Protein chains: 2
Amino acid sequence: MTHRTVSGGARPAPGLPDDAKARVTSPHPECPVEITLAALRGRWTTLLVRELLRHGHRTYTELSAALPRLSAKVLADRLAHLHDAGVVHRTRTPGWPATVTYVLTPRGRELGPVLQALWDWGAARDDGD
Amino acid sequence: MTHRTVSGGARPAPGLPDDAKARVTSPHPECPVEITLAALRGRWTTLLVRELLRHGHRTYTELSAALPRLSAKVLADRLAHLHDAGVVHRTRTPGWPATVTYVLTPRGRELGPVLQALWDWGAARDDGD
DNA sequence: CTGAATCCCTGCCGATACTG
DNA sequence: CAGTATCGGCAGGGATTCAG
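Report on the accompanying structure. What you see is a predicted model, and the numbers here were worked out from it, not measured in a lab.

Running from amino to carboxyl end, helix H6 (residues 111-123) of chain A crosses helix H6 (residues 111-123) of chain B at an angle of 160°, the nearest separation of the two axes being 9 Å. The angle between H6(A) and H6(B) places the two elements in the roughly antiparallel class. The way H6(A) lies across H6(B) gives a crossing that is left-handed. On H6(B), the residues that touch Leu111(A), Pro113(A), Val114(A), Ala117(A), Leu118(A) and Trp121(A) of H6(A) are Leu111(B), Val114(B), Ala117(B), Leu118(B) and Trp121(B). Of the residues that constitute the contact of H6(A) with H6(B), the class distribution is 11 nonpolar, no polar and no charged.

Structure representation (structure tokens):
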């Protein structure tokens, strides 16, 4: 892999001057990188996305069971945050007990490559230098 | 793009059960995703990496000038953090004034694809669904 | 020129208790 | 079952000041 190789192909690396937003001089929330990091912000967030990526859909209870150390408050916080970010879709089942099921939106599923990139970098030993 | 498409090719999405670390049930620092997010943690961090990605090498003063709103303390904090994370290499020029030049390590340059993935997701409008 | 030390303020996260 | 309300601890980040 060469110096400025980018996964997308011909595009330059992020923040290179082919986009107005690439010239921001402070952490502005409109920067695409900031948008993504904001969506993934907070402890447990990536684990929740992973859980939904893996199973496709999960109820509140299933998520709580999968992540036992995650408190109810933070779980609700994260799900609300991911919902606001357009990552998850919420479905209420009116019966009893009234369960709520969470599914990734198409946009949410597109976080797969993002998490993959994060995973790859973190997993790389970089012996090659 | 289909449900579980991953940029890397045959590998499953991050956190899928082909890796022991994919089964973590709490935000453990050994998780590759956590490692990468930890490296990029903190305000201004991605902008600093972008600056080095763009110019190859920058002095403390140049970085400070490029990011005027970034205080000296946080700049030093971030550079120390990126150094500890193995992302940047520090070079002291003994003369006077004693300048310090920062360069991305090979590992640091490999953050290019990561930032690209973050950029792409944040820039996507996702009209396609 | 670099960067460490200090202080303060803010926001995040966790536990607990409570509501539709 | 699925959250909300509240509180307290702790870490992040900014300004200022001091040192190598």
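Right, let's talk about the protein's contact with DNA strand C for a bit. Close to DNA strand C lie 17 residues, the nearest being Arg43(A), Lys73(A), Arg78(A), Thr61(B) and Tyr102(B). Here, DNA strand C places atoms within 4 Å of the protein, and 72% of those atoms are sugar or phosphate. Contacts to DNA strand C include Trp44(A), whose side-chain N or O atom sits 3.1 Å from a phosphate oxygen. The set of elements that each furnish at least two residues to the surface near DNA strand C consists of helix H4 (72-84) of chain A together with helix H3 (60-66), helix H4 (72-84) and strand E3 (100-104) of chain B. With three residues, H4(A) is the single largest residue contributor to the surface near DNA strand C. The residue inventory of the surface near DNA strand C, partitioned by class, reads eight nonpolar, four polar and five charged.

All names here are of chain B. Spatially, E1-E3-E2 is the arrangement adopted by the three strands of the open sheet, whose pairing is antiparallel. Each end of this open sheet is capped by a strand with a single partner; those strands are strand E1 (57-59) and strand E2 (88-92). Going across the sheet, the axis of each strand differs from the next one's by a mean of 25°, ignoring polarity. As defined by bridge partners, E1 adjoins E3 across three bridges and the pair is classed as antiparallel. In the strand pairing of E3, Arg-58 is matched with Tyr-102. Those strands touched by helix H2 (residues 45-55) are E1, E2 and E3, and its axis lies near 120° from that of E1.

Attention now goes to H6(B). Given a rise of 1.5 Å per residue, 13 residues ought to cover 18 Å, and the 18 Å separating the end C-alpha atoms of H6(B) matches this to within 8%. Most of H6(B) is tucked away: 11 of the 13 residues are buried. Of all the positions in H6(B), only Leu111(B), Gly112(B), Pro113(B), Val114(B), Leu115(B), Gln116(B), Ala117(B), Leu118(B), Trp119(B), Trp121(B) and Gly122(B) are classed as buried. On its buried side, H6(B) packs onto helix H1 (32-39), helix H5 (106-109) and H6 of chain A together with helix H1 (32-39), H2 and helix H5 (106-109) of chain B.

Rules and cut-offs
Position labels on residues start from 1 in each chain and follow its written sequence. Here every chain gets a letter starting at A, and every ligand a number starting at 1, in the order they are written. Residues qualify for local features only when their pLDDT is at least 70, as the model is predicted, and side-chain atom pairs are given and counted only at 80 or more; totals for whole chains, interfaces and linings, by contrast, use all residues. Heavy atoms from the whole structure form the basis of all side-chain values; hydrogens and water molecules are not counted. The angle between two axes is taken between their N-to-C directions and runs from 0 to 180 degrees, where each axis is a line fitted to C-alpha atoms and a helix contributes only its stretch in contact. Only runs of H or I of at least four residues qualify as helices and only runs of E of at least two qualify as strands under DSSP, and these elements are numbered from the N terminus. Note on angle classes: values under 35 degrees are labelled roughly parallel, values over 145 roughly antiparallel, values of 65 to 115 roughly perpendicular, and the remainder oblique. Left-handed is the label given to a crossing in which the near helix is rotated counterclockwise from the far helix by less than a right angle, and right-handed is the label when the rotation is clockwise. Residues count as neighbours in contact if any of their non-hydrogen atoms are within 4.5 Å of one another. Any residue that is not Ala, Val, Leu, Ile, Met, Phe, Trp, Tyr, Cys, Pro, Asp, Glu, Lys or Arg is counted as polar, Gly included; the first ten are nonpolar and the last four charged. If a single non-hydrogen atom of a residue is within 4 Å of a molecule or strand, that residue counts as near it. The definition of a polar contact used here is a pair of N or O atoms within 3.5 Å, where within protein one atom must be able to donate a hydrogen and the other to accept one, and adjacent residues in sequence count solely through side-chain atom pairs. When DSSP locates at least two bridges between a pair of strands, those strands are taken to pair. Expected helix span is taken as 1.5 Å per residue step, with the number of steps being one fewer than the number of residues. Each residue is placed in one exposure class: buried if its accessible area under a 1.4 Å probe, protein chains only, is under 20% of its type's maximum, exposed if it is over 50%, and partly exposed if it falls in between.

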